Amino acid sequence: FRAAEGADVTFACLFRANDETLSGGGIILEGLKISITDSYFINLDKYGDIKRIEVRNCEISNIARCFLRTNNDQNTIDDITFDKCIIHDCGSGGWNFMYPKHIVKKLSVTRSTLYNYQNGESLFFANGKNQSNVFTFVFSSNTVYRWAKSNDRAFCKTEGKYSPESVYTFTDNIVYKGGADNVTPQMIQATGGTLTAKNNLVVDYGDYNFSGTKDIADLTLSGLGMTELSFPNPSAGDFTVVSTSPLATTSTTGGIIGDPRWLKTVTQAVSVTAIATP
């Protein structure tokens, strides 16, 4: 399903299947506004192997429970991809954004913005177990604000369900809790494998709950010469970063960290002082 160029398309359909003899298909969504009035967007009680679920340049909102839920732990999903998406104001009914019993081989979330998931749980929680499955997880160049409701949640929660040879990568993300509560969800909760975390700025969140081989070299506010992380209007989805900010040049490639869509180039910086007079 792809929106025509220049079209503003709201996609309110649901994906359902209850036939495990079906196998080998995929779902590709591009350029859509996905807004539903249901707890589940893709809900597959019975379905065979899935080649890919690909979501590009979409805005996703109003999903009460799961974007993806499946119920066949004997089957696989080869690849799940989110790229250049905005995911916001979901999770009012709790549960995990992705909650598959299918065994997932690869998941990547890149160049996306995720915010206002305050009653939701983990971004990805493996509900099926196959310790021979070598899982690849990539989370790169994303901006995240107020994601998950409790300390035992994570962006990637596989625990010990997948292979100890699995590979997890976090690079160039901004993760910011905001708010005054003491909830600090984790970046990851996994047993075994290899974790690489480079140039992420993680503010008021938990750590990497990971027992395998770790290579972590993240950023700090003080190291960037900053005392706080502030966005123009994060609750309403404005995460603008001006080109004069340290955030604009600190990625692993020398560019902006977080979702690159928020970079605003300033060619001539002007300092203005205003006073009030009668």
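About the thresholds
Residues numbered from 1 in each chain as written. Predicted model: local features only at pLDDT ≥ 70, side-chain atom pairs only at ≥ 80, totals over all residues. Heavy atoms only, no water. Helix = DSSP H or I, 4+ residues; strand = E, 2+ residues; numbered from the N terminus. Rg over C-alpha atoms; globule rule 2.2 N^0.38 Å. Buried < 20%, exposed > 50% of the residue type's maximum accessible area, 1.4 Å probe, protein only. Contact = heavy atoms within 4.5 Å. Areas by Shrake-Rupley, 256 points an atom, 1.4 Å probe, with all protein chains shown as cover. Lys, Arg positive; Asp, Glu negative; His and termini not counted. Charge placed at Lys NZ, Arg CZ, Asp CG, Glu CD. Phe/Tyr/Trp six-rings, centres within 6.5 Å; stacked < 30°, edge-to-face > 60°. Lys NZ or Arg CZ within 6 Å of the ring centre and 35° of its normal.

1. Quick look at the overall build of the chain
- Each helix and strand counted, the chain has 0 helices and 26 strands in total.
- In summary, the chain has a C-alpha radius of gyration of 19 Å against a globular reference of 19 Å for 278 residues, a match within 12%.
- Based on the C-alpha atoms only, the size of the chain along its principal axes is roughly 75 × 45 × 35 Å.
- Taken over 278 residues, the chain has a buried fraction of 51%.
- A separation of at least 24 residues holds for 76% of the contacts in the chain among residues at least 6 apart in sequence.
- Taken as a whole, the chain presents about 12700 Å² of accessible surface, with 45% of it coming from carbon and sulfur.
- Placing the 25 positive and 28 negative side-chain charges of the chain at their respective mean positions leaves the two points 2 Å apart.

2. Observations concerning the packing of aromatic side chains
- Applying the stated criterion across every chain yields a total of 32 aromatic pairs.
- Plain terms: the ring middles of Phe97 and Trp147 are 6.1 Å apart, the flat faces sit at 70 degrees to each other, and that makes the pair edge-to-face. Of this pair, Phe97 sits in the loop between strand S10 (86-88) and strand S11 (98-100) while Trp147 sits in strand S17 (residues 143-147), and the two are 50 residues apart along the sequence. Exposure class is identical for Phe97 and Trp147. Each is buried.
- Note on Tyr99 and Phe125: the rings are 5.7 Å apart at their centroids and 15 degrees apart in plane angle, and the pair reads as stacked. Pair noted here: Tyr99 is in strand S11 and Phe125 is in strand S15 (residues 124-125), with a separation of 26 residues, a long-range link.
- The buried category is assigned to Phe125, whose relative accessible area is 14%.
- Cluster of aromatic residues (ring-pair linked, three or more members): Phe124, Phe135, Phe137, Phe139, Phe155, Tyr162, Tyr168, Phe170, Tyr205, Tyr208 and Phe210.
- A cation over an aromatic ring shows up here: Lys157 above the ring of Phe125, its NZ or CZ 5.5 Å from the ring centre.

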